[in-house]
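Architecture and fold: a report
Here's the letter readout for the chains.
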There are 2 protein chains.
Amino acid sequence: MVSEPSHARAAREAGVGLVVGITDVKTRAALETAGADRVLDDIGQLDLGGLAIDPWNLTFYGFDSVHEGHREALMVTGNGYVATRGAQGERTEGRIHYPGTYLAGVNDTASARSHGRTVREEHLVNLPNWLAFDLRIGAGSWWSEQTESALEEEVRRVDLRRGVLTRTAIVTDGIRRLRVTQTTFVSMRDRHLMMQETVLEPLEWAGKIDVRSGIDAHVRNSNAGTAARHLSRPRFTVHGDALTCEVTTRHSRVDVAFAVRQSAHGQIRRQNWIDTGTAGLLHLEAAVSPATPLRINKTAAIASSRDPAIDTAAAAALRHLDAVPPDRIRLRHEAAWQRLWERYGIEIDADPQSQAVLNLHVFHVLQAVSDHTPEGAGIPARGLHGEGYLGHVFWDELFVLPVLGLRNPQIARTQLDYRWNRLEAARAAAAEAGLPGARFPWQSGTDGTEQTPGALFNPRSHRWMPDHSARQLHVGLAVAYNAWQFYELTADLVWLADRGAELIIEVVRHFVAMAEHDPADGRFHIDGVMGPDEYHDGPPTAPGTGLRDNAYTNVMTAWSCRRALDALDRLRGHLADDLIARLDIRAEEREQWSLIATRMFLPLHGRGVISQFDGYDQLEEFDWNAYRSRYGNVERLDLILEAEGDTTNRYKVAKQADVLMLVYTLGVDVLTELLDELGYQADLHASLDYYLPRTSHGSTLSRVVTASVLAQLRPDESWPTFREALDADLDDTQGGTTRQGIHLGAMAGTVDLAVRSYAGLRTRNDELQFTPRLPAELRGASFRLHYRGQALEVHLDHARLTIRSHASSAPPIQVTVGDRSVALAPGAEHRFSLS
Amino acid sequence: MVSEPSHARAAREAGVGLVVGITDVKTRAALETAGADRVLDDIGQLDLGGLAIDPWNLTFYGFDSVHEGHREALMVTGNGYVATRGAQGERTEGRIHYPGTYLAGVNDTASARSHGRTVREEHLVNLPNWLAFDLRIGAGSWWSEQTESALEEEVRRVDLRRGVLTRTAIVTDGIRRLRVTQTTFVSMRDRHLMMQETVLEPLEWAGKIDVRSGIDAHVRNSNAGTAARHLSRPRFTVHGDALTCEVTTRHSRVDVAFAVRQSAHGQIRRQNWIDTGTAGLLHLEAAVSPATPLRINKTAAIASSRDPAIDTAAAAALRHLDAVPPDRIRLRHEAAWQRLWERYGIEIDADPQSQAVLNLHVFHVLQAVSDHTPEGAGIPARGLHGEGYLGHVFWDELFVLPVLGLRNPQIARTQLDYRWNRLEAARAAAAEAGLPGARFPWQSGTDGTEQTPGALFNPRSHRWMPDHSARQLHVGLAVAYNAWQFYELTADLVWLADRGAELIIEVVRHFVAMAEHDPADGRFHIDGVMGPDEYHDGPPTAPGTGLRDNAYTNVMTAWSCRRALDALDRLRGHLADDLIARLDIRAEEREQWSLIATRMFLPLHGRGVISQFDGYDQLEEFDWNAYRSRYGNVERLDLILEAEGDTTNRYKVAKQADVLMLVYTLGVDVLTELLDELGYQADLHASLDYYLPRTSHGSTLSRVVTASVLAQLRPDESWPTFREALDADLDDTQGGTTRQGIHLGAMAGTVDLAVRSYAGLRTRNDELQFTPRLPAELRGASFRLHYRGQALEVHLDHARLTIRSHASSAPPIQVTVGDRSVALAPGAEHRFSLS
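Counting restarts for each chain: residues are numbered from 1 in the order of the written sequence. Following the order in which they are written, the chains are lettered starting with A and the ligands numbered starting with 1. Where totals are concerned, whole chains, interfaces and linings use all residues; where local detail is concerned, this predicted model gives features only for residues with pLDDT of at least 70, and gives and counts side-chain atom pairs only at 80 or more. Only heavy atoms go into the side-chain values, all of them from the structure, while hydrogens and water stay out.

A word on the overall build of chain A. Summing up its helical and strand segments, chain A has 21 helices and 38 strands in all. Two things to know: the radius of gyration comes from C-alpha atoms, and the globule rule equals 2.2 Å times the number of residues to the power 0.38. For 835 residues, the compact-globule estimate of 2.2 N^0.38 gives 28 Å, and the C-alpha radius of gyration of chain A, at 27 Å, lies within 12% of that figure. Taken over the C-alpha atoms alone, chain A extends approximately 90 × 65 × 55 Å along its principal axes. Counting across all 835 residues of chain A, residues that qualify as buried make up 65%. For chain A, contacts bridging at least 24 residues in sequence account for 67% of all contacts bridging at least 6. Residue burial considers only the protein chains on display, and all accessible areas are found by Shrake-Rupley using a 1.4 Å probe. Counting only carbon and sulfur atoms, one obtains 48% of the accessible surface of chain A, whose full area is about 27400 Å². Only four residue types enter the charge count, namely Lys and Arg as positive and Asp and Glu as negative; His and the chain termini do not. A charged residue contributes its charge at one atom only: NZ of Lys, CZ of Arg, CG of Asp or CD of Glu. Averaging the positions of the 88 positive and the 109 negative side-chain charges in chain A gives two centres separated by 4 Å. In DSSP terms, a helix is any run of H or I states spanning at least four residues, a strand is any run of E spanning at least two, and both are numbered starting from the N terminus. Remark: exposure states derive from per-residue accessible area (1.4 Å probe, protein chains only) relative to the maximum for the residue type, with buried under 20%, exposed over 50%, and partly exposed in between. Here, residues are in contact when the closest pair of their heavy atoms is within 4.5 Å.

Right, dumping it as structure tokens:
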């Protein structure tokens, strides 16, 4: 059927980027015949060596029913306020396809049946599908009724630089062939606007076609296992040449409205709106010929009653639809992306595919969280890319905010507001536990209450396993950490006085109250918590009851106590006076923080190995080889062992880096200093050696953290782990989870690795500090930062680090590389030799 | 019936403050007999001379049906998020009483019949009345069924320092007398919480009483003439010991929920919730005696779906209700007020009643706008105190933000966000007029579209007069002015780059596009606008078409052009580069701003008198004496003349200062400099002389502005006008308008007069500048400021100005008094001699 190798021609014309996931033999052959760079089933095979590669395109050729959901997530177009999966417009939800559109922060709670249980859960709500598009040639069958394999020469390409998804394919009724070219984007400039432009060109025939294009509200949330209907019946209304579609979430009662305008160019014979009850579609009948193709431009505006300046969502959507002249929307969108790339782009001198994946990661991070993201959204673990973890907010901001905050502090500020606005719920959770301060939830949603499900379904055993991960109270320590980082980034004392110090102090109060003094050793101990490693939720004898003295929790508590004191010190004078009065901070509290900062207990074993928790070294060794040979992928060892009637609690295993997180968050220097002050001689190298072979990397964050720790302790060994971390979503290394959304923390974490781990950037003590340690595989890196009002360009290679400040009226900043420190004024440049 | 002069005793015990509005002869006699300081019908009589006066209490004795609505507004308790009129809990809406509770920013649009017309209008929504409280003694009639005069010894007192309203009275069934003591407050600390505490003590009898206390949702909006129902039927639900009341606004679909918990202490025989369909009431039957009074503590929490961190409004209200231990609510509330008074209090050494009224004004400004006020609220002209002007937002922030911004810049920031979030609507309004930039509406509501009604009912003529006041485009210039002031206050370049400069530049673009170059005089002219003076909406020959060259508009346009250029200059470097790219600012635009800043036309006549607009001096003189003798109060000359078939457009009159506004906003120095640069020699004294006798002060803002101009040009003549401005709301000088809410701009303006006019404070050119000019009547003043991170205490009298900075880590600031300038470091103090 393929008369010419048009895929390959398209590939050549576009300068093929990553070409993955071709399982279609026909297409593969055509591509290879045409001389495509490389055609791969799996990104794992990707090693283009010295071949030219375009790092700005992600291209999928042909159709792959197994990986379609994964591709949809990687083809998301979004702007941090709204995002739409790259689903095919002619398809609806099913085993293969999953159209999804999500508004950041628009959640709803519903009951859903799941594996024999009824669960009541809060979900990020899947909204009506504005991509809905169908056609037929003559009186043939509708596109949507054909199998996917009836489509010829399908190519889908995401232009990362411009944020535009382009799909080309040929639809056929068996005789006549119609070329479809469809471009889709969600405006990065005008947050409410989205466009889908379609061109339909008959190949060597002329005749009638019908098109139905509009919005389909027959959607539900079923991307992540359980299925729930969150939306009221849609209300469709025609307003002149626009159609509005209004829905309301059933429990949270958020009104969401789309306004859709479509303009058709060609020989239109008839057009009218159809309201099917669940979809609002423009039906077009047109005569087409090679000389008179049909073009349909669909512009959609979306608004919700959670937006600012809202009278009704429908009125707002209609206003947004008219806010920008149609011919300016794409220009403005692309210009916005251009500005983002100038600010967020990281250029690395390494293998080209690493650059390509880094670009992809920056692209998706910015589509998930941007300056368009409202305060109410938080940072969902899976972005706005799918319904994994039900759209809940965990601790990913610990990994995401360094990337965003160092380029645009305002985004970090908004995200910290997400927590600040939920202090009341966190205080209530603390009070419920009989403790002061604030207890932030492990899984957070709209109102800041704990949303962690009580049980987890194990598909291996078909049993529900109790889920105690709400004991991961360390999420609060991440909030305190992020608040302090924001202060270091901006030196904004007013913010620290108004919000930042309150976040830090309320978290500290909670952990300090949990810390019990043991007269026997004169140390403070924290019991009943879980660390980041979810394989351990209690001693083997008392599973689910939490652990004693989780090293990560204890050390971060000590660190946070110092920061609470630091905050009051920085605010000394009227700002601290106000704060002390408002939060009723007593002198003895401050003494207690001081004490705990030096007398927190840290479990150690062997020659300075930090124990993950008290008793970890007493657990049994695990036979990794046996399980790897039996199961292959052992990342979800918890599920494997439970199915065997066993439990991870018994073994010296870790789902993800836990002790090593300390090196990641604090850095070797600060951690070493802190451990000294606590009076412990820990050996970080020995700890690394101990945990590396005992970690399954069952969380995508684990490889990010491990690569970072390796970068700090053994730079020359870190690159392979970094490369593995890069592949997590692109290669869907967790085997099917990416279809439920990207792993946002891991994507951001890899971007951050280049800056914070390899360039060794820290913002500390009012300095911008670099400790470069490039591995051999990374010959150099360039990136841009915003720090205390200065815009900085950093270039480094193995020989030197150059930092250039853009002109501005900001005050000079202190830049330190190793033991050399300079005051850098705006407009100045400094070169540090690294030899 | 009055066995002892208990009013007077209460007065003595409390240290009588302002005692106004006694029309009840019996009460007056009792007070005078008991030796009350002064008993007045009218605040105009108030001249306590050297008598002691407590400036922290506003006390109303007895009942006055004519002034009850006025009193309700002055007895509002609120926190900037929610406010409740000081209505009597046993009364419902009618000619005399008007219970009102308002959530800042919760508006709804409805159709309402008004004087024969159906108007569709957006209103600040009157919410269910949580004060509802009724009782009966034995089987007697309910309190609500008695006439107000059946009540004995009623005293209502607002404790301004603590933000608590206390009412004492004796209810009687003709035989038995029951003392009622009711305290009400809306927490200034916990924004969602409100309390009403009632104590019922029988005087020398024992027996049964019934109480019904709860929430009444049978409310509508009828405080400002037209009547509209905005709320759905209420849904009442009992949750344990709490009741929720949920309502939804009909058009804007905002969910509002109250959660109410009541605890009764005494000999309770029976208690149960009653749902009347429109009210949810706790019915209590109790046995009381002098030894066992009945206490009822009602705590109400309020939430809306416009709040952050909301799942459902009802769930949030219940959570807020439990967020603070009941016994801590009042303590926290009072502590918050204490901190506010430390920050906002202005102490003047002058007549004691001026101090008392200033306190009252600070009190109400903070209850209307505080750091609890959400972004979506704006600053309604009548506070949260009533429904005057339908709760719309005009330009009052020009008068309010100097007061708030100088004490807490974050409040000013939120208010500027109100405008920034409505830029899209303002851009759409500009585009509708065929012009670029942003056109902010004269009356703004939720979504930022123009809400000015098209017509105004004249009760004198019973005719609807066309209302062209939407031509007051100068509201946009006030937005630009406020944005620049915020920058001057904070030196926050990031904010200027992100939001402030955009506000300024978009407004400037709009006015610059309106300015037409006339080759004849080489000047730029603006046509078709109205100035602040609403008596003139066009030339006599073309009423309603707007004026040519309104001096205020033209000069503020020139000033704003300079600030747009200044902003780009301050941001020079990367911040300006980003802004220029984002807003697509072309070089020729900047040249145009530069040109207009020096070539804007200013109409002058006589010896340097600035004409209010081109042609003002050609209008007829008005016979003020004739009209004053015929009508008495001629403030609403527009209505008087229209009723006579005449129009204010024909005369040299002004409803309010218009030309003089320039002196108010810019100050004499800046204005003089600007006029010089424009090439005009204007005589400000002559202009003052010209407009003073031609101004009716039909707006409460007018006397504020006039007093400020007098303070600058003739300090010794300003005090009487300042005193008149102080009386506006307390004395309801506009004759009945205060019942529809306070005049927020005027209240704030009088507070600001002490600081910006008498102390002569300006924030300009990165300096804090003082030009003190105390009139003889004002012997001294003390206040506190926040400027660029420093907390400052300022004390001045006729001999010296002392400024003391609190300790902090903020950088030094530049303080200038006259021609002396010092750098003031935190913790330092400087004394300037003024002789």
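UniProt positions are given in the numbering used here, feature names are shortened, and annotations may be inferred rather than shown by experiment. In this structure's numbering, the residues bearing the UniProt feature "domain: Glycoside hydrolase family 65 central catalytic" (unreviewed entry) are residues 360–751 of chain A. Taken as a whole, residues 360–751 of chain A contains 52% helix and 6% strand, while its terminal C-alpha atoms sit 10 Å from one another.

Moving on to the interface of chain A and chain B. Every contact between the two is made by 48 residues of chain A and, on the other side, 48 residues of chain B. Two parts placed together each lose some accessible area; with a 1.4 Å probe, that loss summed over both constitutes the buried area. Carbon and sulfur atoms make up 44% of the surface buried where chain A meets chain B, a total of about 4200 Å² over both sides. Looking only at chain A, the three residues that lose the most surface to chain B are Asp311, Glu424 and His574 of chain A, adding up to 16% of its buried area. Salt bridges, as used here, are contacts in which a Lys or Arg side-chain nitrogen is within 4 Å of a carboxyl oxygen on Asp or Glu. Where chain A packs against chain B, one counts eight salt bridges. Two residues, Asp447 of chain A and Arg319 of chain B, come together in a salt bridge whose shortest N-O distance is 3.6 Å. Two N or O atoms form a polar contact when they lie within 3.5 Å of each other; inside protein one atom must be a possible hydrogen donor and the other a possible acceptor, and for residues adjacent in sequence the pair counts only when both atoms belong to side chains. Here chain A and chain B share 26 residue pairs in polar contact (both at pLDDT 80 or more) between them. Those elements that place two or more of their residues in the side of chain A that touches chain B are helix H4 (313–321), helix H5 (326–344), helix H8 (409–420), helix H9 (423–432), helix H11 (493–514), helix H13 (574–583), strand E33 (780–787) and strand E34 (790–797) of chain A.

All names here are of chain B. Counting buried positions along strand E18 (residues 279–288) yields ten of ten residues, so the element is predominantly enclosed. Side-chain alternation along E18 places Ala279, Leu281, His283, Glu285 and Ala287 on one buried face and Gly280, Leu282, Leu284, Ala286 and Val288 on a second face that is also buried. Strands pair, by our definition, only if DSSP identifies at least two bridges between them. Sheet topology note: the strand E13 (residues 207–216)/E18 ladder contains ten bridges and is antiparallel. What sits directly across from Val211, in E18, is Leu284.

Residue and element names in this part refer to chain A. Note that His372 resides in the loop between helix H6 (352–368) and helix H7 (397–405). A relative accessible area of 8% places His372 in the buried class. Among the polar contacts listed, one links the side chain of His372 to the backbone oxygen of Met188, at a separation of 2.5 Å. Within polar-contact distance, the side chain of His372 engages the side chain of Arg191 at 3.4 Å.

This next bit is on the confidence of the model for chain A. All names here are of chain A. The predictor's confidence in any single residue is recorded as pLDDT, a number from 0 to 100. With 94% of its residues at a pLDDT of 70 or more, chain A shows a mean pLDDT of 93. Throughout residues 34–52 the model reports pLDDT below 50, and contacts reaching past four residues in sequence, or to other chains, amount to 40 contacts. Model confidence for the complex: the whole-complex pTM is 0.94, and ipTM, which rates the interface, is 0.92.

This part takes up the packing of helix H7 (residues 397–405) of chain B against helix H21 (residues 744–758) of chain B. Residue and element names in this part refer to chain B. Two elements in contact, H7 and H21, have axes whose closest approach is 8 Å; the angle formed by their N-to-C orientations is 50°. Regarding the angle of H7 to H21, the classification is oblique. Between H7 and H21 the crossing geometry is left-handed. Note on element contacts: H21 touches H7 through Leu744, Gly745, Ala748, Gly749, Val751, Asp752 and Arg756, opposite Phe399, Val400, Pro402 and Val403. For the contact of H7 with H21, the class distribution of residues is seven nonpolar, two polar and two charged. Between the N-to-C directions of two axes lies an angle of 0 to 180 degrees, each axis being a line fitted to C-alpha atoms and, for a helix, fitted only over the stretch in contact. Angle categories are assigned with fixed cut-offs, so that under 35 degrees is roughly parallel, over 145 is roughly antiparallel, 65 to 115 is roughly perpendicular, and the rest are oblique. In this scheme the crossing of two helices becomes right-handed for a clockwise turn of the near helix relative to the far one and left-handed for an anticlockwise turn of less than a right angle. Polar here means any residue outside two lists: the nonpolar Ala, Val, Leu, Ile, Met, Phe, Trp, Tyr, Cys and Pro, and the charged Asp, Glu, Lys and Arg; Gly therefore counts as polar.

The next thing to look at is the UniProt feature "domain: Glycoside hydrolase family 65 C-terminal" (unreviewed entry) in chain A. The feature "domain: Glycoside hydrolase family 65 C-terminal" (unreviewed entry), as given by UniProt, occupies residues 761–824 of chain A in the numbering adopted here. The span residues 761–824 of chain A is 0% helix and 61% strand, and its two end C-alpha atoms sit 16 Å from each other.

The next point concerns the relation of the copies chain A and chain B. The fit set for superposing copies consists of C-alpha atoms from residues with pLDDT of at least 70 in both; the fit itself is least squares. If you rotate chain A by 180° and push it 0.0 Å along the axis, it lands on chain B with an RMSD of 0.0 Å. When the rotation and shift are considered jointly, the pair of chain copies conforms to a two-fold rotation axis. Closest to the rotation axis within chain A is the C-alpha of Arg306 of chain A, separated from it by 3.4 Å. A share of 100% of the interface residues of chain A reappears at the interface of chain B, consistent with the copies meeting face to face through the same patch.

This brings us to helix H14 (residues 587–599) of chain B. Residue and element names in this part refer to chain B. Taking 1.5 Å of rise per residue, the 13 residues of H14 would be expected to cover 18 Å, and the 18 Å separating its terminal C-alpha atoms lies within 8% of that figure. All buried positions along H14 are accounted for by Glu589, Trp593, Ile596 and Ala597. With its buried residues spanning 105° around the axis, H14 presents them on a single face. Those residues of H14 that are buried lie in contact with helix H11 (493–514), strand E24 (523–525), helix H12 (551–570) and helix H17 (659–678). Expected helix span is given by 1.5 Å per residue-to-residue step, counting one fewer step than there are residues. As used here, the arc belongs to the directions running from the helix axis to the C-beta atoms.

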